[in-house]
Amino acid sequence: MAKDRNIVILTGAGISAESGIDTFRSAGGLWERHRVEDVATPQAFARDPDLVLRFYDMRRAAIQEKAPNAAHHALARLDREWSGGLLIVTQNVDDLHERAGAGRVLHMHGEHLNAWCLACDARPRWTEPLAHRPACPECGEPALRPDVVWFGEMPYRMDDIHAALREADLFVSIGTSGAVYPAAGFVRLARDLGAETLELNLERSKGSAWFEQTRLGPATELVPAWVAEVLG
């Protein structure tokens, strides 16, 4: 690709799985021991906030013990060296892209290391537990929840994502299931707008048929090889 072209990359749980972070559907993982309805919806939080906060406290603590892998580092290299447009849209709520050094990252589903104050709408950086109802550092109210998008809530910054897709020359999906909307529909929008499309995944996703090319294998192998190819 010419280095002034625009790339939009969508990353999903598969890119962080090799860092030891459970995917949503992994057998025996943390998610398997809890129903979505019990820990990842606004209704669950209203019904049993203690359970929800304890669950996300475990997730928040776990990701801080993990490290970026070769796929994260490869995308950070692309971010450093690519002179054209680039946006990494991640469905992941970990911070491994940033810890690897990527800057052009958009978290459409929020971030584990942020809290959201329901009293004053502040979104402070947060690395400690929430289950004991700590005070918001902005307003002092004990009204913090995880700053993550639960099922039934609107993903963040959709206007920015659609704007990037409209300008994209290449859309790449890495480690996604193709089952969670609206992200699963990005490939069709990108194709309709004339972008080339590429899937890098451990196995074919539910949306593989929409991609012009699919490469199968571990993200830690596929992503560094693709980045090296793009950078020439």
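Located above this text is the structure these notes cover.
Structural notes, computed from the coordinates. Everything numeric here is computed off the predicted structure, so don't read it as measured data.

Before going further, it helps to examine the pairing of strand E1 (residues 7–11). Counting buried positions along E1 gives five out of five residues, so the element sits mostly inside the fold. Side chains Ile-7, Ile-9 and Thr-11 project from E1 onto one buried face, and the interleaved Val-8 and Leu-10 project onto a second face that is buried too. Alignment of E1 against strand E2 (residues 86–90), held across five bridges, turns out to be parallel. Across the sheet, residue Thr-11 finds its bridge partner in E2, namely Thr-90.

Right, let's talk about the sheet that holds strand E8 (residues 213–216) for a bit. Here six strands make up an open sheet; going across it, the order is E3-E2-E1-E6-E7-E8 and the pairing parallel. Across the chains shown, the open sheet's two edge strands, defined by having one partner strand only, are strand E3 (105–107) and E8. Strand-to-strand twist of the sheet, defined as the mean angle between neighbouring strand axes without regard to direction, takes the value 15 degrees. Sheet analysis places strand E7 (residues 196–201) next to E8, joined by four bridges and oriented parallel. Paired with Glu-199 across the bridge in E8 is Thr-214.

Cut-offs used in this document
Residues numbered from 1 in each chain as written. Predicted model: local features only at pLDDT ≥ 70, side-chain atom pairs only at ≥ 80, totals over all residues. Heavy atoms only, no water. Buried < 20%, exposed > 50% of the residue type's maximum accessible area, 1.4 Å probe, protein only. Helix = DSSP H or I, 4+ residues; strand = E, 2+ residues; numbered from the N terminus. Pairing = 2+ DSSP bridges. Axes fitted to C-alpha atoms, helices over the stretch in contact; angles between N-to-C directions.

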